[in-house]
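Structure assessment
Below, each chain spelled out in residue letters.
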Amino acid sequence: NAGVTQTPKFQVLKTGQSMTLQCAQDMNHEYMSWYRQDPGMGLRLIHYSVGAGITDQGEVPNGYNVSRSTTEDFPLRLLSAAPSQTSVYFCASSSSGGLSYNEQFFGPGTRLTVL
Amino acid sequence: GDSVTQMEGPVTLSEEAFLTINCTYTATGYPSLFWYVQYPGEGLQLLLKATKADDKGSNKGFEATYRKETTSFHLEKGSVQVSDSAVYFCALTSAGSNYKLTFGKGTLLTVNP
């Protein structure tokens with residue numbers, strides 16, 4: 001199992017450009033999430049999905065779009081990049097388990113700089 | 001809403017010193033609690049977890065006990081090593097919300113030889 005993979009590893013954009021951060025998992029997990037990590041802020045939830053075709057907003061969703069057409073993939077789209085979106089982005093996945101917790105597995109991250 | 005507060009860093013220790021990183025939380029219901037570790041240049045890894053009051057999570061010499069009466073989950077290690085240098089995050093998830101982790105801001109630990 002490759003686990004959770006993310007591409008690209010690094011990206012530099014100009015203000016106003018668009019791009020898609022890719023995330024894939026091969027563990028057949030129902031749940032997938034996107035977080036951003038900023039210095040002194042910890043990780044904050046951007047969007048999440050509880051299954052194919054179902055997505056919802058997290059704590060900081062503005063400026064980002066997501067879709068989930070398959071169980072494996074959960075891309076994050078930046079429609080018009082802004083310097084405030086400079087951050088490290090992590091994708092995570094976990095299996096559903098009712099009231100019990102199942103570990104979230106994290107990808108290696110994408111470091112994005114918006115100039 | 002849910003929140004996690006952990007001690008501000010950075011923390012600098014000598015090898016073999018005792019480590020404590022404080023973590024307190026606010027949550028509705030009965031959360032599960034976690035410590036994640038991020039080594040330089042890497043993603044997050046689950047270090048340990050506890051899912052009910054008085055549970056003790058442990059891994060790699062680290063321990064943390066779920067204290068519901070004080071809403072705390074402090075991370076401890078009796079003798080740190082240089083290889084423990086990393087950022088440590090306290091986090092929680094509320095019952096029925098496995099897809100959403102609420103994180104503290106992280107504590108950078110540096111261990112010097």
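These lines cover the structure that appears in this document, whether it is placed above or below.

Rules used in this analysis
Residues numbered from 1 in each chain as written. Chains lettered and ligands numbered in written order. Predicted model: local features only at pLDDT ≥ 70, side-chain atom pairs only at ≥ 80, totals over all residues. Heavy atoms only, no water. Helix = DSSP H or I, 4+ residues; strand = E, 2+ residues; numbered from the N terminus. Rg over C-alpha atoms; globule rule 2.2 N^0.38 Å. Buried < 20%, exposed > 50% of the residue type's maximum accessible area, 1.4 Å probe, protein only. Contact = heavy atoms within 4.5 Å. Lys, Arg positive; Asp, Glu negative; His and termini not counted. Charge placed at Lys NZ, Arg CZ, Asp CG, Glu CD. Core = buried A, V, L, I, M, F, W, Y, C linked by side-chain atoms within 4.5 Å. Pairing = 2+ DSSP bridges. Axes fitted to C-alpha atoms, helices over the stretch in contact; angles between N-to-C directions.

Let us look at the overall build of chain A. Of regular secondary structure, chain A possesses zero helices and eleven strands. When the helices and strands of chain A are read in sequence order from the N terminus, they spell out β-β-β-β-β-β-β-β-β-β-β. In terms of C-alpha radius of gyration, chain A reaches 14 Å, essentially the compact-globule figure of 13 Å for 115 residues. Each of the three principal axes of chain A carries a C-alpha extent, and together these read 40 × 30 × 25 Å. Here chain A holds 115 residues, and 46% of them are scored as buried. Put simply, 54% of the contacts in chain A that link residues at least 6 apart link residues at least 24 apart. Across chain A, the 7 positively charged side chains and the 8 negatively charged ones have centroids separated by 13 Å.

Below, the discussion takes up the nonpolar core. Formed by 26 residues in total, the largest nonpolar core has its most connected members in B:Leu19, B:Trp35, B:Leu47, B:Leu48, B:Phe73, B:Leu75 and B:Tyr88. Mapped by element, the contributors of at least two residues to this core are β2 (11–14), β3 (19–21), β4 (23–26), β5 (32–38), β6 (44–50), β8 (62–65), β10 (86–93) and β12 (107–112) of chain B. Counting residues per element, this core draws most heavily on β10(B), at four residues. Core analysis: the second largest hydrophobic core is formed by 19 residues, A:Val66, A:Phe74, A:Leu78 and A:Val114 among them.

Here we take up unusual backbone geometry. With omega at -5°, the peptide bond leading from A:Thr7 into A:Pro8 counts as cis. B:Gly9 connects to B:Pro10 through a cis peptide bond whose omega is -10°.

Below, the discussion takes up the pairing of strand β4 (residues 31–38) of chain A. Residue and element names in this part refer to chain A. Counting buried positions over the eight residues of β4 gives eight, a clear majority of the element. A two-sided burial pattern is seen for β4, the buried positions comprising Tyr31, Ser33, Tyr35 and Gln37 on one face and Met32, Trp34, Arg36 and Asp38 on the other. Here β4 runs beside strand β9 (residues 87–94); their pairing, made up of seven bridges, is antiparallel. Paired with Ser33 across the strands is Ala92, a residue of β9. Two strands pair when backbone bridges link them, and β4 and strand β5 (residues 42–51) are joined in this way by seven bridges, in the antiparallel orientation. When the bridges of β5 are listed, Tyr35 appears paired with Leu45. Counting the residues in the hairpin turn of β4 and β5 gives three residues, including Gly40, whose phi is positive at 75°.

Next up on the list: the sheet that holds β8(B). Residue and element names in this part refer to chain B. Ordered by their spatial adjacency, four strands build an open sheet running β3-β9-β8-β7, and the pairing between neighbours is antiparallel. Taken across any chain shown, the strands that pair with only one partner, and hence form the sheet edges, are β3 and β7 (56–59). Averaged over neighbouring strand pairs, the angle between their axes works out to 15° when direction is ignored. With three bridges connecting them, β8 and strand β9 (residues 75–77) associate as antiparallel partners.

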